[in-house]
Amino acid sequence: MARYFRPLIVSLVFAAAAAQPARAQQRDTQTYLKNNPQLFATMAEVVVKPSAYTVRVKCDNKDAALGTVVAPGGWILTKASELKGDVTTCVLKDGRSFEAKTVGVQDDYDLAMLKIDTWNLPVAEWRTSSEDQVGSWVVTPGLAKEPIGIGVLSVAKRPMPLGGFLGVQMEPAERGVLVKVVQAGTAAEKAGVKANDIVVAIDTEPITNTEAMMDLLSGHKPGDEVTIQVMREGQRMDLKAKLGKRPASGSGRGDFQNAMGSPLSSRRSGFPVILQHDTVLKPADCGGPLVDVDGKVIGINIARAGRTESYAIPSESVQPLLIDMILGKYPPGAGEAKKPRAPIDKLKAAEVALEKAKADKVAANAAADKRIAAAEEAVKKAKDEVAAEDKKDQEKKKEEEKKSPEKK
Amino acid sequence: MTKRSLLAASLMTGLLLTGGTRALAESTPLTKVPANLEEIKALQKKVQEVTKRVIPAVVGVQVGMAWGSGVIVSEDGYVLTAGHVSGKPGQDVQIYLADGKVVKGKTLGNDRTVDSGMIKIIDDGSYPYVPMGDSTKLEKGQWCVSLGHPGGYNRKRTPVLRLGRVIDNKSSLIQTDCTLVGGDSGGPLFDLDGNVIGIHSRIGGLISFNIHVPVSTFSDNWESLVYYDRKPIKLALAFEKVGDRMKVLKVEKDSPEEKAGLMPKDYFAKLDGHDISTQDDIDAILKKKKAGDEVDVEVIRGAERLTLKLTLSTAKN
């Protein structure tokens with residue numbers, strides 16, 4: 001299904017202009033932001049207990065993720081794909097630091113279980129997320145008195161499978177789905193689907209409307225092979241399609257927009273179930289607990305997924321995994337934690353970085369031009385002043401000479 | 001549906017909706033940042049309630065291969081969206097309702113200078129809708145919620161909620177820190193009473209740079225957006241501003257204005273019941289009229305005040 005979105009108009013010029021707000025304006029903006037100092041101060045009482053069972057996970061001494069103490073005996077849950085490097089350490093709220101061993105990795109949810117050598121740590125207090133309504137506050141504790149992030153639940157708990165991408169623009173037809181456009185380079189094009197085909201079934205499922213087709217495709221994975229049954233000029237045809245990957249959040253332009261304003265986690269899609277919220281989080285601040293206004297853990301932050309969204313795994317999906325992860329039923333594969341990123345992910349990340357570098361250059365040039373103009377102005381002014389001084393001195397001298405010509 | 005009856009309907013709905021929460025609104029100023037847990041929970045309750053109430057009116061919009069968002073503001077299906085989403089008037093579009101239903105729509109007029117656009121659902125039906133607020137009254141720091149379909153409409157995902165505050169409010173744009181991204185274009189920004197106050201338009205580099213079209217640009221220009229193909233109403237008169245009044249200099253021959261009895265040297269006192277001081281005053285009234293509408297024109301002629309009946313017409317040239 002075609003999934004390009006009509007973009008919010010975004011131009012690099014716009015980005016450059018926004019890069020250098022005046023000091024006073026910046027101060028003003030701080031006051032009016034949702035995430036302003038007053039709100040963080042008010043939320044401090046919510047995270048008193050949670051910050052005690054939150055840990056900072058470092059890899060090779062760099063902040064990698066946050067973690068949650070989930071069981072007595074030093075068991076810490078965190079985000080697996082951020083554990084890159086040789087030495088993993090956990091820093092506690094009281095300042096103590098421990099080397100950590102990765103004893104389990106659950107790939108579907110991107111969760112890792114760490115073990116540190118200490119006892120008597122406060123343990124997470126959970127609550128099922130199912131009672132949560134869209135609009136509930138969600139708070140991300142750190143190790144400090146005030147939380148790291150504050151937001152609201154944006155969408156109720158939902159599955160987020162990867163889905164299979166066919167690459168057609170659909171329109172309702174009398175019996176089936178009309179293919180309006182076949183996108184170039186997609187599974188549909190390769191399968192031989194053509195514009196004006198009417199899709200009547202996929203595999204053995206009859207397709208009567210666009211919703212049914214979308215539902216069916218979203219239940220598949222990239223790489224799945226399906227048979228698309230179409231009617232073309234009265235003839236029934238069976239076309240074999242190998243479904244592709246759904247563009248991460250639309251086209252490349254969508255990825256660029258999503259990365260504007262806040263960096264994204266590298267693993268940020270394809271989780272079985274998620275809670276979506278609008279907290280702005282750094283990728284290195286994912287992996288720890290997400291609590292409600294009563295300070296109970298409703299989920300584990302698992303990704304900064306886009307400009308408008310961060311994801312958490314609901315507590316009721318996490319809890320059943322804990323014992324098995326502790327007991328070693330999810331052994332981290334040799335080099336599992338250091339799995340090389342898929343080329344397509346590397347490409348996407350590189351493209352986003354390139355666009356950002358270009359935008360940064362435009363902004364930097366604009367700023368430099370401004371400074372040069374200001375400096376030239378200052379030089380001109382100073383030159384004028386010097387000239388004026390000289391003139392004054394000349395005139396003064398002339399006056400004095402006039403008064404006492406003998407003194408020459 | 002005329003703007004007047006629409007506003008009347010909005011006002012009534014607004015009253016019905018805010019009746020129950022008025023006490024809360026009085027004790028918690030719109031811009032206040034919660035200072036204790038009780039205020040935190042009160043704000044949470046308000047956000048949850050308003051979201052539940054308005055979500056049914058939030059729609060996904062498909063124009064060709066492109067996706068945006070919109071919001072239904074009348075029972076018969078007028079949809080506010082962004083000018084760059086609806087694009088050219090007269091196009092066929094698909095509207096995806098929050099309950100999963102898909103209906104057909106046609107694009108109406110747009111104003112690309114502010115990025116406003118409108119769509120009319122053409123499938124018969126009684127649609128969930130929300131009232132339009134007064135965006136000129138927004139205060140900096142005021143809490144607001146954003147809904148829309150970031151990334152494009154997704155059947156498996158209800159419209160996505162973001163909470164934020166108004167950072168800046170100008171006549172042509174509102175800035176909030178409700179984060180937006182492609183697909184949100186045309187979606188609604190609400191105040192905590194559930195009135196639409198803005199329509200999502202564009203973003204900039206900073207995470208707090210989210211720009212919305214003020215809803216007042218829709219309500220002030222309703223007729224020209226809906227009846228985009230009508231020629232503008234003009235008066236076949238030449239004016240001169242004299243002090244605080246508009247003085248008629250010339251009346252076009254054989255025009256309805258001549259037939260109505262207008263004469264050179266008449267001073268305009270009222271048009272359609274409104275006091276007239278400037279050309280802008282006249283334009284504001286004509287904007288809402290269509291050819292054939294009859295209006296009362298009160299003029300001062302010498303020592304007399306006369307009320308003339310004028311049938312309005314479009315520009316000749």
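The structure displayed is predicted, hence computed values, not measured ones.

## What to know about the overall build of chain A
Secondary structure summary: chain A contains eight helices and 20 strands in total. Looking at chain A as a whole, 41% of its 408 residues are labelled buried.

## Describing the sheet that holds strand S7 (residues 143-146) of chain B
Residue and element names in this part refer to chain B. Spatially, six strands are ordered S7-S8-S9-S12-S11-S10 in a closed barrel, and the strand pairing comes out antiparallel. Each adjacent strand pair in this sheet contributes to an overall mean axis angle of 45 degrees, direction not counted. With three bridges connecting them, strand S9 (residues 174-176) and strand S12 (residues 210-214) associate as antiparallel partners. For Thr-176, the partnering residue across the bridge sits in S12 and is Asn-210. In this fold helix H3 (residues 37-54) packs onto S7, strand S8 (162-169) and strand S10 (188-191), with an angle of close to 40 degrees to the strand it touches most, S7.

## Here we look at the domain arrangement of chain B
On domain assignment, one finds that chain B holds domain 1 (1-224) and domain 2 (233-314). A straight line from the C-alpha centre of domain 1 of chain B to that of domain 2 of chain B covers 38 Å.

## Quick word on the pairing of strand S11 (residues 176-182) of chain A
Residues and elements named next belong to chain A. Both strand S10 (residues 168-173) and S11 contribute to a ladder of six bridges, which runs antiparallel. Looking across to S11, one finds that Glu-171 is bridged to Leu-178. Hairpin remark: S10 followed by S11, antiparallel, with two residues in the connecting loop. Bridge count for S11 against strand S12 (residues 198-202) is two bridges, and the pairing is antiparallel. Directly across from Val-177, in S12, lies its bridge partner Val-199.

## Section: H3(B)
All names here are of chain B. With 18 residues, H3 extends 26 Å between its outermost C-alpha atoms, agreeing within 8% with the 26 Å of an ideal straight helix rising 1.5 Å per residue. Taken together, the buried positions of H3 are occupied by Ile-40, Leu-43, Gln-44, Lys-46, Val-47, Val-50, Thr-51 and Val-54. Projected down its long axis, H3 carries its buried residues within an arc of 165 degrees, all on one side.

## Remarks on the interface of chain A and chain B
At the junction of the two partners, chain A supplies 57 residues and chain B supplies 55 residues. Listed by contribution, the elements that provide at least two residues to the side of chain A that touches chain B are helix H1 (12-19), helix H2 (23-32), helix H3 (37-43), strand S8 (149-159), S10, helix H5 (210-218) and helix H6 (252-258) of chain A.

## Focus: the pairing of strand S15 (residues 235-242) of chain A
Residue and element names in this part refer to chain A. For strand S14 (residues 225-232) and S15, the ladder comprises eight bridges, and the chain directions are antiparallel. Residue pairing across strands places Glu-225 opposite Lys-242, the latter belonging to S15. If you look at the hairpin formed by S14 and S15, you'll find two residues sitting between the two strands, and Glu-233 has a positive phi there, around 50 degrees.

## What about the nonpolar core?
In this structure, A:Ile76, A:Ile302, A:Ile313, B:Val71, B:Val73, B:Val79 and B:Val196 are the most contacted members of the largest nonpolar core, which totals 127 residues. Looking at which element gives the most residues to this core, the answer is strand S19 (residues 297-306) of chain A, with six residues. Setting aside chain neighbours within four positions, we find A:Ile313 in contact with A:Tyr109, A:Phe271, A:Val273, A:Ile274, A:Gly299, A:Ile300, A:Ile302 and A:Val318. If you look at the next biggest cluster of nonpolar residues, it comprises 22 residues, including A:Met170, A:Val177, A:Val182 and A:Val230.

## Description of helix H8 (residues 343-403) of chain A
An ideal rise of 1.5 Å per residue puts 90 Å on 61 residues; H8(A) measures up with 89 Å between its terminal C-alpha atoms. Of all 61 residues in H8(A), two are buried; the element is thus mostly exposed.

## Looking at the sheet that holds strand S1 (residues 58-63) of chain B
Residue and element names in this part refer to chain B. Spatially, the six strands close up into a barrel ordered S1-S2-S3-S6-S5-S4, and their pairing is antiparallel. This sheet shows a mean twist of 40 degrees between the axes of neighbouring strands, independent of strand direction. When strand S3 (residues 78-82) meets strand S6 (residues 116-121), the two strands line up antiparallel, connected through five bridges. Bridge pairing links Leu-80 to Met-118 in S6.

## Details of the confidence of the model for chain B
Caution applies to low-pLDDT regions: their predicted coordinates should not be interpreted in detail. Residues and elements named next belong to chain B. For chain B, the mean per-residue pLDDT works out to 90, and 90% of the residues sit at or above 70. Below pLDDT 50 for its whole length, residues 7-28 participates in 16 contacts with residues either more than four positions away or in separate chains. Scoring of the predicted complex yields 0.75 for pTM and 0.80 for ipTM.

Rules used in this analysis
Residue indices follow the written sequence of each chain, beginning from 1 at its first position. Think of it this way: whatever chain is written first is A, whatever ligand is written first is 1, and the rest follow in order. Where totals are concerned, whole chains, interfaces and linings use all residues; where local detail is concerned, this predicted model gives features only for residues with pLDDT of at least 70, and gives and counts side-chain atom pairs only at 80 or more. Per the convention used, a helix needs a DSSP run of H or I reaching at least four residues, while a strand needs a run of E reaching at least two, with both numbered from the N terminus. Exposed residues have 12 or fewer other C-beta atoms within 10 Å of their own C-beta, buried residues have 20 or more, and residues in between are partly exposed; the C-beta atoms are placed from the backbone. When DSSP finds two or more bridges between two strands, those strands count as paired. Axes here refer to lines fitted to C-alpha atoms; in helices the fit is confined to the stretch in contact. Angles between the N-to-C directions go from 0 to 180 degrees. A pair of residues counts as a contact when their C-beta atoms, built from backbone coordinates, are separated by no more than 7 Å. Domain ranges listed in this record stem from an automatic or a database domain assignment. Expected helix span is computed as 1.5 Å times (number of residues minus one). This arc is built from the directions going out from the helix axis to the C-beta atoms. In plain words, the nonpolar core is the set of buried Ala, Val, Leu, Ile, Met, Phe, Trp, Tyr and Cys residues that C-beta atoms within 7 Å link up. Confidence scores labelled pLDDT are given residue by residue by the predictor and lie between 0 and 100.

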